[in-house]
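# Tertiary structure, described
Now for the letters of each chain:
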Amino acid sequence: MKRGPTIFLQVVIALFAILVLGLLLWEPQLEGRNVNATQFEIYFKDPFLAYIYLAFVPFFVGVYQVIRLLGYARRNEIFSERSVRSLQIIKFCAIAVAVFFLGAEAYIFIFIRGTDDVAGGVMMGLFFIFVSVVIATGAGVFERILQNAVDIKTENDLTV
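Figured I'd write up the structure that's included with this text. None of the values given here were measured: they were computed from a predicted structure. (Residues numbered from 1 in each chain as written. Predicted model: local features only at pLDDT ≥ 70, side-chain atom pairs only at ≥ 80, totals over all residues. Heavy atoms only, no water.)

For the rest of this paragraph, the subject is the side chain of Ser 80. With respect to the secondary-structure elements, Ser 80 resides in the loop between α3 (47-74) and α4 (81-112). With relative accessibility at 16%, the residue Ser 80 sits in the buried group. Among the polar contacts made by the side chain of Ser 80, one reaches the main-chain carbonyl oxygen of Glu 77 at a distance of 2.8 Å. (Helix = DSSP H or I, 4+ residues; strand = E, 2+ residues; numbered from the N terminus. Buried < 20%, exposed > 50% of the residue type's maximum accessible area, 1.4 Å probe, protein only. Polar contact = N/O pair within 3.5 Å; in protein donor to acceptor, adjacent residues only side chain to side chain.)

We now examine the side chain of Glu 105. Considering the arrangement of structural elements, one finds Glu 105 in helix α4. Relative accessible area serves as the criterion here: at 5%, Glu 105 is assigned to the buried category. With residues up to four places along the chain from it excluded, the contact list for Glu 105 reads Gly 121, Val 122, Gly 125, Leu 126 and Ile 129. (Contact = heavy atoms within 4.5 Å.)

Even without a glycine there, the phi angle at Asn 76 is positive, about 55°. Position of Asn 76 among the secondary structure elements: in the loop between α3 and α4. For Asn 76, a relative accessible area of 59% translates into the label exposed.

The next subject is the pattern of salt bridges. Considering all chains together, one arrives at three salt bridges under this definition. When the shortest N-O distance is used, the salt bridge between Glu 77 and Arg 75 registers 3.8 Å. Because the salt bridges share partners, they merge into one network encompassing Arg 75, Glu 77 and Arg 82. (Salt bridge = Lys/Arg side-chain N within 4 Å of Asp/Glu carboxyl O.)

Right under this line is the structure:
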């Protein structure tokens, strides 16, 4: 694959990850219940916020694996076991994000429902779950296709 487009994609994905991290750190200060709260109260007394930060760990691991996968493509090493392994990690990270957000939805329904309007939070959570499932499905399909190609390449290398 050409060097320029893959580097561009890597930079765009890295900038997206930095944007997401910035929003994760900045958004809690904008919530209505945190207007008069101190930094300690915002970041260390909210178990839901800690849970969301924990949920984004597999997201950032997945983003790192996508950047690595693009690096393999740039070096024409896409048909390798390392690429298949990166796709497996991306798939597992997407599933983990979906499970974390499913847990967040359960928390909202059990503890928040009735005391606050939860429609926006539930809809955002369902959106993240849907996107994570789509990414996991796509990574799984590409993983199988790439594994078959690697197996064929290995068989051809052994017969030559």
